[in-house]
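What follows is the residue order along each chain.
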Amino acid sequence: MQNPPLFDLTGRVALVTGCNKGLGQGMALALAGAGARIVALTRSRPDETLALLAERGTPALHLPTDFSDIASFDGLVRQATDAFGRIDILVNNAGTIRRADALDFSEQDWDEVVDLNLKSVFFLSQAVARRLVAQGGGGKVINIASMLSYQGGVRVPSYTASKSGVLGLTRELANEWAAHGINVNAIAPGYMATDNTAALRADEQRNRAILERIPAGRWGGAEDLAGPVVFLASAASDYVHGFTLAVDGGWLAR
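What comes next is a walk through the structure. (Residues numbered from 1 in each chain as written. Predicted model: local features only at pLDDT ≥ 70, side-chain atom pairs only at ≥ 80, totals over all residues. Heavy atoms only, no water.)

1. Here's the deal with the sheet that holds strand 5 (residues 139-144)
Here is step 1 of the chain: Across the sheet, 7 strands lie side by side as 3-2-1-4-5-6-7; this open sheet has parallel pairing. Looking at which strands have only one partner, the edges of the open sheet turn out to be strand 3 (60-64) and strand 7 (244-247). Put simply, the sheet's adjacent strands are angled 20 degrees from each other on average, direction ignored.
Here is step 2 of the chain: Both strand 5 and strand 6 (residues 182-189) contribute to a ladder of 6 bridges, which runs parallel. The partner of I142 across the bridge, within strand 6, is N185.
Here is step 3 of the chain: Here helix 4 (residues 107-135) sits on the sheet in contact with strand 1 (13-17), strand 2 (37-42), strand 4 (89-92), strand 5 and strand 6, set at roughly 180 degrees to strand 4. (Pairing = 2+ DSSP bridges. Helix = DSSP H or I, 4+ residues; strand = E, 2+ residues; numbered from the N terminus. Axes fitted to C-alpha atoms, helices over the stretch in contact; angles between N-to-C directions. Contact = heavy atoms within 4.5 Å.)

2. Things to note about the pairing of strand 3
Here is step 1 of the chain: Relative to strand 3, strand 2 runs parallel, the two being bridged by 5 bridges. When the sheet's bridge partners are listed, V39 is paired in strand 3 with L61.
Here is step 2 of the chain: Regarding topology, helix 2 (residues 47-56) serves as the crossover connection from strand 2 to the parallel strand 3, and that connection is right-handed. (Right-handed = clockwise from strand over helix to strand, strands pointing away.)

3. Section: unusual backbone geometry
Here is step 1 of the chain: At R155, a position not held by glycine, the phi torsion is positive, near 65 degrees.
Here is step 2 of the chain: The topology assignment puts R155 in the loop between strand 5 and helix 5 (157-177).
Here is step 3 of the chain: The class of R155 is partly exposed, set by a relative accessible area of 42%. (Buried < 20%, exposed > 50% of the residue type's maximum accessible area, 1.4 Å probe, protein only.)

4. Quick word on empty space enclosed by the protein
Here is step 1 of the chain: Under the counting rule described, the total for this entry stands at 1 cavity of 30 Å³ or more.
Here is step 2 of the chain: Here the largest cavity defines a volume of roughly 40 Å³.
Here is step 3 of the chain: Lining the largest cavity are T17, F67, N92, N93, A94, L116, S120, V121 and L124.
Here is step 4 of the chain: If one sorts the elements of the lining of the largest cavity by residue count, helix 4 sits on top with 4 residues.
Here is step 5 of the chain: Residues that form the lining of the largest cavity fall into these classes: 5 nonpolar, 4 polar and no charged. (1 Å grid on protein atoms, 1.4 Å probe; cavity = no way out; pocket = protein on both sides within 12 Å on 5 of 7 lines; lining within 4 Å. Points joined across faces, edges and corners; volume = space filled by probe spheres on them. Nonpolar A, V, L, I, M, F, W, Y, C, P; charged D, E, K, R; others polar.)

5. A short note on the pattern of salt bridges
Here is step 1 of the chain: All told, the structure shown has 11 salt bridges when counted by the stated rule.
Here is step 2 of the chain: R12 serves as the salt-bridge partner of D88, at 3.3 Å between the closest nitrogen and oxygen. Here R12 lies in the segment before strand 1 and D88 lies in the loop between helix 3 (73-84) and strand 4, a separation of 76 residues in the sequence.
Here is step 3 of the chain: Given a relative accessible area of 2%, D88 falls into the buried group.
Here is step 4 of the chain: Taking relative accessible area as the criterion, R12 reaches 36% and is therefore assigned partly exposed.
Here is step 5 of the chain: We note a salt bridge from E204 to R208, for which the minimum N-O separation is 3.9 Å. With a gap of 4 residues between them, E204 and R208 both fall in helix 7 (residues 204-213), about one helical turn apart. (Salt bridge = Lys/Arg side-chain N within 4 Å of Asp/Glu carboxyl O.)

6. With respect to the packing of aromatic side chains
Here is step 1 of the chain: Tallied over the entire structure, the rule returns 3 aromatic pairs.
Here is step 2 of the chain: Measuring from centroid to centroid gives 5.7 Å for Y191 and W219, while their planes differ by 90 degrees, and the two rings are edge-to-face. With Y191 in the loop between strand 6 and helix 6 (198-202) and W219 in the loop between helix 7 and helix 8 (226-233), this residue pair connects regions lying 28 residues apart in the sequence.
Here is step 3 of the chain: Judged by its relative accessible area of 11%, W219 falls in the buried class.
Here is step 4 of the chain: One aromatic cluster is present, built from ring pairs that chain together Y191, W219 and W251.
Here is step 5 of the chain: Sitting over the ring of W219, R201 keeps its end group 5.9 Å from the ring centre. (Phe/Tyr/Trp six-rings, centres within 6.5 Å; stacked < 30°, edge-to-face > 60°. Lys NZ or Arg CZ within 6 Å of the ring centre and 35° of its normal.)

7. A look at the layout of surface pockets
Here is step 1 of the chain: Here the largest pocket is characterised by a volume of approximately 1,400 Å³.
Here is step 2 of the chain: Listing elements by their share of the lining of the largest pocket, those giving two or more residues are helix 1 (22-33), helix 4 and helix 5.
Here is step 3 of the chain: Tallying contributions element by element places helix 1 first for the lining of the largest pocket, with 3 residues.
Here is step 4 of the chain: For the lining of the largest pocket, the class distribution of residues is 18 nonpolar, 17 polar and 7 charged.
Here is step 5 of the chain: Roughly 290 Å³ of volume is contained in the second largest pocket.
Here is step 6 of the chain: Together, 19 residues line the second largest pocket, and R12, K140, S234, A235 and D238 are the ones closest to its centre.
Here is step 7 of the chain: Partitioning the lining of the second largest pocket into residue classes produces 7 nonpolar, 7 polar and 5 charged.

This is the structure in structure tokens:
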């Protein structure tokens, strides 16, 4: 019998957080294109994403998610399992950022960023991993890191701390869960053309400085994450554990 293609996700179920638009939406569509069924975990209903999935004929479910309510995560995992019979993939994409000088940075802005970008990532991963262990067969957890997992940045102390934490957490969970057949890896997007970077791209001087550093000579887009997320979600990455893949057009290499 012929082995299935390495990148085939047919029959798999992928939970994707923060997939209303932008990078999260692009990754959800990429996973669907490889055959996965999608469970969208978002605060508000991701109407555009659900419509695009419906156009492709992809079975999809939206579960309204309050990422500050850690106690609700087990219930979300149970609902996803009840709907599709199993869970195979988790993409932790939901995140936020606050900007202010470190001398003036507020406790509220610190907590809101770290709680969403790091705390919820751990506890949702934990809830999904418990299910993966119970059902057997392993699975894939894919965290979304950042260039600021490697660099300090300015005026974003809580974001830098949280995304540095995501890189470390990815390694730690990989160490513990590899024995269960669970691959934990991350993607660190570079400078991407999304709503979050609209102001940077509109600033002619800043835009030029950024592009001059990127060897690829352009901003990235959601389509640039399609291959990496499918790779990390598929059997092609079965021997990849605890790695953070920079998808940055060469930014870190410059």
